[in-house]
Amino acid sequence: MDRSKKVIIGTVAGITAVAIAAGGVFLWKRSGSGSSADGLAYVTAVSEINTAVSNTANMRFSGVVEPQEVKEIKVDLSKVISKVSVEDGDHVKAGDPLFTYDIESMELELSQGEVEIERMQNEISSSEQQIEQLESEKYNASADDQLTYTTQIQSLETEIAKTKYDIKTKEIELEKLKKTIKNATVKAEISGTVQSLKTVEQLQSDGSDVIMKIMSDGEFRVKCTISEQNMYMIYTDQAATIHSRIDDTVWSGTITEIGTEAESNQNNSFYMGMGDDDMTTASKYPFYITLDSSDGLMLGQHIVVTPDQGSTIEKSGIWLYSDYIVTDEDGESFVWAAGSGDKLEKRKVELGQSDEMMGDCEIVSGLEDDDMIAFPSDSYKEGMRTTTNEEEAAVGGEEANPIEGGNDMDFYEEGDIPLEDGNDVDFYEETPDGDDTPLEDGVDGALPADGGNVDSVKGGVADGT
C-alpha cells in the first residue's frame, strides 16, 4: 500500500495545550514516567563563545595619555573670590597661590561675632546678679511669696544655660572663620598644569564648585574605556601593551584601576573585530594603565592598548572553554548541540591543543561557527527542545510539557487538529485515493475503533456529533 501521509494519534485523556508550527500542529509526548523530550535547553551560537575570537589577545582599545593624577580644585560658593592668581595652561608648583577669598567681609563678620559673644556674656552676668537679688529677697519673704521667687530664679537659670550654649556655638563658628581668613589664599597641593579654569559666572551657570583642575607633572598613565559586555575580560594587575599609532613603538604597563561608573561621554571607540555599531547600546567604563616607562609619550597622545591574555598560544579556528566539553564513559568527547528540528543531541567533537592558563581547548572538528550549543547540565537528554530565548529557558520550558496527569500521546502533522477530551482513536493513514484507512481495528473514514465521534482528519475538529 502506497503511503502519501502518515498520521499518528495516541490515546488522549486530556489535551491542555497545543503548539502550532509551520506545516502542522504538534503535541509533545509525556508519559507518567517522563520522556527524553521533557524540558528545554538554552543554546548559544559557537561564534559568540569562541574564545579564539573573544579572548583579550584579539581585543584592542583606543586610549589617551593623561597625567598620573588630576587634582580638582573646589571653591566655597558661599564666599567671594577677590583674586585669581593663575590662568588656564599655567604651570604651578606645590604651594603656589591659585586664588584668594575676599577676607574683608570675613573680618567684618568676625568682629561682629566677637561683639555678639561679649553681649551674651554681659547678659549672663546681669542674670546672675538678678538671681542673687531674688535669693536675698526670697529669704525674707512670706511662705506664699517664696514660690513666686523660686519661679523667677528658675527662669533666669534657664536663660543663662541657653545663652552659654549660644556662646559655645558662636565660638565654634568664629574659629572656622579665623581658619578661613588665615587660609584665604588657596594653594596648589601638587605641581602641574592648570586646566579647565572657570569664572564665577561659569560655575554658577554649570552648578559646579570645581573652579579648575591641575594635571600633575611626572609620569603619565593611559585611560581607556571598555563595554559593559566585556568587563569580565580585563582585571586589575593585568599586563598590557601600548602601541603607537604612527610607528612601531611599544610601551608596557599594568591595568591598575577599573572604574565602576559609566562614562557620561560614550564617544571613545572600542575595537573587537566588529563595527562600533554593535556596541552602541552598551555603557562604557573607564580603566587605567600605569606605564612602566612613559619615555617618548606626550600628554594627550592617542594610542592603542592590547591587554595580555596570560597565554602564549596563538589561537585560530574554534576554541571553547573546557566546561562546554563532556566526556562519556568511553572517553569520547561531545557537546550538547541543537540538531535537526532544534532538538538537543550529543555532538561528537575532536579536541586539539588546550590552554590551561585560559581554561579553553581547541575544537578540531565536529562544530562550525553557526552551530548552536548548550552549557552542559545533568538534566539534559537527547530529544529535548532547544531555544535561543533566555526568558523561555528561564521558566524551564513549561510550554514543552503541557499535558498533566501522565497522559500518553504521539505527535501528528499536516494540519490535522487534535480530538477533544475523551475521544479514543486508533492509528490510521491516508491512502492515495483519499480514504482514511485505520491501521488497526478502526473503521474506514478515520472513525475510532470503539465508535467514538470524530471529524475528518483533514483539518476538521471533532465536535462530538
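Residues numbered from 1 in each chain as written. Predicted model: local features only at pLDDT ≥ 70, side-chain atom pairs only at ≥ 80, totals over all residues. Heavy atoms only, no water.

A. Representation of the environment of Ser62 within the structure. Its location among the elements puts Ser62 in strand β6 (residues 60–67). Ser62 sits 241 residues away from Ile303 along the chain, and the two C-alpha atoms are 6.2 Å apart. (Helix = DSSP H or I, 4+ residues; strand = E, 2+ residues; numbered from the N terminus.)

B. Quick look at the sheet that holds strand β20 (residues 318–321). As summarised here, the arrangement of the three strands in space is β20-β25-β24, forming an open sheet in which the pairing is antiparallel. The outermost strands of the open sheet, each flanked by one partner alone, are β20 and β24 (350–355). Neighbouring strand axes in the sheet, compared pairwise and without regard to direction, differ in orientation by 35° on average. The pairing of β20 with strand β25 (residues 360–365) spans four bridges and is antiparallel. The partner of Trp319 across the bridge, within β25, is Glu362. (Pairing = 2+ DSSP bridges. Axes fitted to C-alpha atoms, helices over the stretch in contact; angles between N-to-C directions.)

C. Summary view of the nonpolar core. Ranked by internal contacts, the top residues of the largest apolar core, which has 32 residues, are Ile73, Leu98, Phe99, Ile211 and Met212. Where this core is concerned, the elements lending two or more residues are β10 (97–101), α3 (103–140), α4 (143–182) and β13 (210–216). In terms of residue count, the dominant contributor to this core is α4 (eight residues). (Core = buried A, V, L, I, M, F, W, Y, C linked by side-chain atoms within 4.5 Å. Buried < 20%, exposed > 50% of the residue type's maximum accessible area, 1.4 Å probe, protein only.)

D. Region of the structure containing the side chain of Thr180. As for its position among the elements, Thr180 is in helix α4. Given the relative accessible area of 19%, Thr180 is considered buried.

E. Local environment of the sheet that holds strand β11 (residues 185–187). The strand order β8-β10-β11 describes an open sheet built from three strands, whose pairing is antiparallel. Edge positions in the sheet fall to β8 (81–84) and β11, since each of these pairs with one other strand and no more. Neighbour-to-neighbour, the strand axes of this sheet turn through a mean angle of 20°, independent of strand direction. In this sheet, β10 lies alongside β8 in antiparallel orientation, the contact comprising three bridges. Among the inter-strand pairings, Ile81 is bridged to a residue of β10, identified as Tyr101.

F. Geometry of the packing of aromatic side chains. Within the structure shown, the criterion is met by five aromatic pairs. On the numbers, 5.5 Å between centres and 85° between planes, the contact of Phe99 with Tyr101 is edge-to-face. By relative accessible area, which is 0% here, Phe99 ends up buried. Judged by centre distance (5.7 Å) and plane angle (90°), the rings of Phe334 and Trp336 are edge-to-face. Relative accessible area serves as the criterion here: at 7%, Phe334 is assigned to the buried category. Residue classification places Trp336 among the buried positions, given a relative accessible area of 7%. Members of the aromatic cluster, each reached through a chain of ring pairs, are Phe334, Trp336 and Tyr380. (Phe/Tyr/Trp six-rings, centres within 6.5 Å; stacked < 30°, edge-to-face > 60°.)

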